[in-house]
Amino acid sequence: MSFINSSKKNKIALIDCNSFYVSCERLFNPKIINKPVVVLSNNDGCVISRSIEAKKIGIKMGEPYFKVKELVKKNNVYIFSSNYALYGDLSRRVMKTLKSFSEKIEIYSIDEAFVDLSHIQEKEIENYGKEIRERILRWTGIPTSVGISNTKTLSKVANNLAKKNKSGVIYLKDNIDEYLKKFYISDIWGVGKQLSKLYIKNGIDTAYKLKNISNTWVKKSTNVSGAKTVMELRGISCINLETHEVKRKSCCVSRSFGKKVESLEKLEESVTTHCLNAAEKIRHDNQITRSITIYIRTSPFDKNRKYYSNSITIDLPVATSNSLELVKAAIEGLKKIYRYGYFYQKAGITFSKLTESSENELNLLAPIMENKSQTLMKAIDFTNAKYGRNAISVAKAGINTSWKMKREHFSKIDTASFKDLPMLKI
Amino acid sequence: MAYKEQNKNIMKLTIPFYLHKVGAGFPSPATDYIEDDIDLNSHLITNAPATFIIRVQGKSMVNVGIYDGDLLIVDKSIDPRNFSTVITNVNEELVVKTLVKEKGVSYLTSGSKSISEKINLTENPEIIIWGVVTYVIHKQQ
């Protein structure tokens, strides 16, 4: 019996939400069900999610909004600015629902998760997949596709097929090769642009061809992860489920401006706001930072104006999560890289070398004030969580912030905030 | 996203729950009787990922106890019973209705409207029950 068990193969499901951002917008807006819908990235820049109907019209992923405006007008496409508060809450609901099936899940992105289904009987697995799909749809209103196979890489392939399948569930076990022969090399999970170029140059243009490549060639021509992908295509599990959340090593906040920014003052406002947001994030995770990087740049596509891009990293004498100290350092850095006469398009900050706050070694330089300021930071975070972000801020962040994000098609619904709850007229 | 998590903690409003009523002016023995904090979330929400809070605007459901500005606790995971208040899509819009079952047929009715305006669910298969209203939060003062 134990022999049979040990030879049993893994079963891994990849659950992927269908046109996730569009599905989120549809949840409280039945008018846009079965209609072409598109969600735009920050600043209404590019298409980042589209419904099947929008895809059929010929709107492509990642296309700049201005390029598809004509198509949008002609076909009455519904346009939305991204509403990450809503998508984040619905994502958490989807993942929580998944956890009602198994604790062994790896949240891979905002709309995808791997689930270990090795404990499910072979003959029940497809029905189990259907049950997962139905429960997520019923509880959260979000449609998903479920791909199941022996490895993570194959479950990604299965999910791709499930997207085109009516039932939305595929268990890839038999005739795998038939599917792999039709599976394009660059669609394989873990095969990026560079790698697929290399493969295609060597005549490997399908998953099937990659699966049957010689081990020595792969090891010689690619790296460890390239070899792992090949093994996974053969049904041998090499990439484990990462069920534990790893604390981040760095934290980055950056935004493009709604309108190009020229003055130092406006840049200071933006950098300060990014700094405050990032500081709040790391405080929430009980982390402190030792190093802060500030960068600014103009638009690389603007042919009429000179391009400028620069960054600076400042190492702090004492690791901290104190907003006031971080803002002070960030502004100092910004002043050093700012050049007059450019039209800036983007600014950002990155905190790196993050460590656990409790690991904070005793430092003679650490001001005795630190304790007091921690209490202040806690009070600020609490107030902002209660009364809306930036209820308490620092004066540098400015009040009239003309550089802020463009969100002309914003749905303004937040299922996790009393302020912006979905509204029904009765 | 971190900000949202924190928001949830604040939402969890707890009030000390006393087992005995205590007369005014002599509070000290009461401290022995504090059993546990009362948690409105756990009382109002049985299935968190499937429960949404929706605000209503309008007066058409006053006779089922839903007033302008009230908050509805809506559970998408449970089945409606006879006379359940439900959220449903009618004419491409989410609306609040009452589900009525008669001789095996389900109808949707709106609070005050006459019986003739009820919607037969078997004749309108495109109408789905979006969720079931489990509680109404009404501000009294």
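Residues numbered from 1 in each chain as written. Chains lettered and ligands numbered in written order. Predicted model: local features only at pLDDT ≥ 70, side-chain atom pairs only at ≥ 80, totals over all residues. Heavy atoms only, no water.

Caption draft 1: View of the overall build of chain B. Regarding its fold elements, chain B presents 2 helices and 9 strands. Of the regular secondary structure in chain B, the N- to C-terminal order runs α-β-β-α-β-β-β-β-β-β-β. Considering only intrachain contacts with a sequence separation of at least 6, the fraction spanning at least 24 residues in chain B is 46%. Put simply, chain B shows about 8,800 Å² of open surface, and 53% of that area lies on carbon and sulfur atoms. (Helix = DSSP H or I, 4+ residues; strand = E, 2+ residues; numbered from the N terminus. Contact = heavy atoms within 4.5 Å. Areas by Shrake-Rupley, 256 points an atom, 1.4 Å probe, with all protein chains shown as cover.)

Caption draft 2: Inspection of helix H5 (residues 84-99) of chain A at higher detail. All names here are of chain A. With 16 residues, H5 ought to run about 22 Å at 1.5 Å a step, and its terminal C-alpha atoms sit 22 Å apart, in line with that. With 12 of its 16 residues buried, H5 lies for the most part within the structure. Among the residues making up H5, those that are buried are Leu-86, Tyr-87, Gly-88, Asp-89, Leu-90, Ser-91, Arg-92, Arg-93, Val-94, Met-95, Thr-97 and Leu-98. (Expected span 1.5 Å × (residues − 1). Buried < 20%, exposed > 50% of the residue type's maximum accessible area, 1.4 Å probe, protein only.)

Caption draft 3: Quick peek at the sheet that holds strand E6 (residues 112-116) of chain A. Residues and elements named next belong to chain A. Judged by pairing direction, the sheet is mixed, and its 5 strands sit side by side in the order E5-E6-E1-E7-E8 without closing on themselves. What marks the edges here is a single partner per strand, and that holds for strand E5 (105-109) and strand E8 (169-171). Mean inter-strand twist for the sheet, computed between neighbouring axes without regard to direction, equals 15°. Note: E5 against E6, 4 bridges, orientation antiparallel. Counted as the bridge partner of Ser-109 is Glu-112 from E6. The sheet strands contacting H5 are strand E1 (12-17), E5 and E6, and the helix crosses E5 at an angle near 160°. (Pairing = 2+ DSSP bridges. Axes fitted to C-alpha atoms, helices over the stretch in contact; angles between N-to-C directions.)

Caption draft 4: Region of interest: helix H14 (residues 323-337) of chain A. Taking 1.5 Å of rise per residue, the 15 residues of H14 of chain A would be expected to cover 21 Å, and the 21 Å separating its terminal C-alpha atoms lies within 8% of that figure. The distance from a side-chain oxygen at the start of H14 of chain A to the backbone nitrogen of Leu-324 of chain A is 2.8 Å, and the residue carrying that oxygen is Asn-322 of chain A. (Polar contact = N/O pair within 3.5 Å; in protein donor to acceptor, adjacent residues only side chain to side chain.)

Caption draft 5: Structural context of the side chain of Asp-420 of chain A. Looking at where Asp-420 of chain A falls in the secondary structure, it is placed in the loop between helix H15 (370-387) and strand E14 (423-425). With near-sequence residues (within four places) excluded, Asp-420 of chain A lies in contact with Lys-412, Ile-413 and Asp-414 of chain A.

Caption draft 6: Broad picture of the packing of H5 of chain A against helix H6 (residues 125-140) of chain A. Residues and elements named next belong to chain A. Across the interface, H5 lies against H6 with an axial gap of 10 Å and an inter-helix angle of 140°. Put simply, H5 runs oblique to H6. In this structure, the crossing between H5 and H6 has a hand that is right-handed. Contacts between H5 and H6 involve Leu-90, Arg-93, Val-94, Thr-97 and Leu-98 from the first element and Ile-132, Arg-135, Ile-136, Trp-139 and Thr-140 from the second. Class assignment for the residues of the contact of H5 with H6 results in 6 nonpolar, 2 polar and 2 charged. (Parallel < 35°, antiparallel > 145°, perpendicular 65-115°, else oblique. Left-handed = near helix turned anticlockwise from the far one by under 90°. Nonpolar A, V, L, I, M, F, W, Y, C, P; charged D, E, K, R; others polar.)

Caption draft 7: Representation of the environment of Val-218 of chain A. Residue and element names in this part refer to chain A. If you trace the backbone, Val-218 turns up in helix H11 (residues 215-221). The spacing of Val-218 and Thr-293 is 75 residues in sequence and 38 Å in space, taken between C-alpha atoms. Beyond its immediate sequence surroundings of up to four residues, Val-218 is in contact with Ile-213, Gly-226, Ala-227 and Val-230.

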